[in-house]
Amino acid sequence: MADFTSETVTRTIRRWIIPAAEPWGATAVEVDKAWKAAQAAYREQLHVPVGELIPDDALRFHVRDEAVVIEFAIEEQTT
């Protein structure tokens, strides 16, 4: 009999992509709308009540050549 286990992990990444082409970049209004949408999706996905703080590292901001990207990842593990 084997002395090991195995698991399968499925990672889902949710992204909000805000156009930010030079020379103007992204507007604060568009970043704010995407940020709020990402927060709402995070709360819904992980059942975090409104009013409860979202962890500081939950949402990540990335800069691409012509976009700002807000994302979070969820991992689901099965054995």
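What counts and what doesn't
- Residues numbered from 1 in each chain as written.
- Predicted model: local features only at pLDDT ≥ 70, side-chain atom pairs only at ≥ 80, totals over all residues.
- Heavy atoms only, no water.
- Helix = DSSP H or I, 4+ residues; strand = E, 2+ residues; numbered from the N terminus.
- Rg over C-alpha atoms; globule rule 2.2 N^0.38 Å.
- Contact = heavy atoms within 4.5 Å.
- Areas by Shrake-Rupley, 256 points an atom, 1.4 Å probe, with all protein chains shown as cover.
- Lys, Arg positive; Asp, Glu negative; His and termini not counted.
- Charge placed at Lys NZ, Arg CZ, Asp CG, Glu CD.
- Salt bridge = Lys/Arg side-chain N within 4 Å of Asp/Glu carboxyl O.
- Core = buried A, V, L, I, M, F, W, Y, C linked by side-chain atoms within 4.5 Å.
- Buried < 20%, exposed > 50% of the residue type's maximum accessible area, 1.4 Å probe, protein only.

**Describing the overall build of the protein**
- Along the backbone of the protein there are 1 helix and 3 strands.
- Across the protein, helices and strands are ordered from the amino to the carboxyl terminus as β-α-β-β.
- For the protein, whose C-alpha radius of gyration is 17 Å, the value lies well above the compact-globule estimate of 12 Å for 79 residues.
- When the backbone C-alpha atoms are referred to their principal axes, the protein occupies close to 65 × 35 × 15 Å.
- Looking at the protein alone, contacts between residues at least 24 apart form 63% of all its contacts between residues at least 6 apart.
- Carbon together with sulfur atoms contributes 52% to the accessible area of the protein, which is approximately 6400 Å² in total.
- Distance between charge centres in the protein, computed from 8 positive and 14 negative side chains, equals 6 Å.

**Thoughts on unusual backbone geometry**
- Following glutamate 22, the chain continues to proline 23 via a peptide bond in cis, the omega torsion being 10 degrees.
- Turning to its location among the elements, proline 23 is positioned in the loop between β1 (8-19) and α1 (28-46).

**With respect to the pattern of salt bridges**
- On inspection of all chains with the given rule, the structure shows 4 salt bridges.
- With a shortest N-O distance of 2.8 Å, lysine 33 and glutamate 30 are connected by a salt bridge. In this pair, lysine 33 and glutamate 30 are both assigned in helix α1, 3 residues apart and thus about one turn of the helix distant.

**Here we look at the nonpolar core**
- Residues Trp16, Tyr42, Leu59, Ile70 and Phe72 are the most contacted members of the largest nonpolar core, which totals 15 residues.
- Apart from the residues lying within four places of it in its own chain, the contact partners of leucine 59 are Trp35, Ala38, Gln39, Tyr42, Ile70, Glu71 and Phe72.

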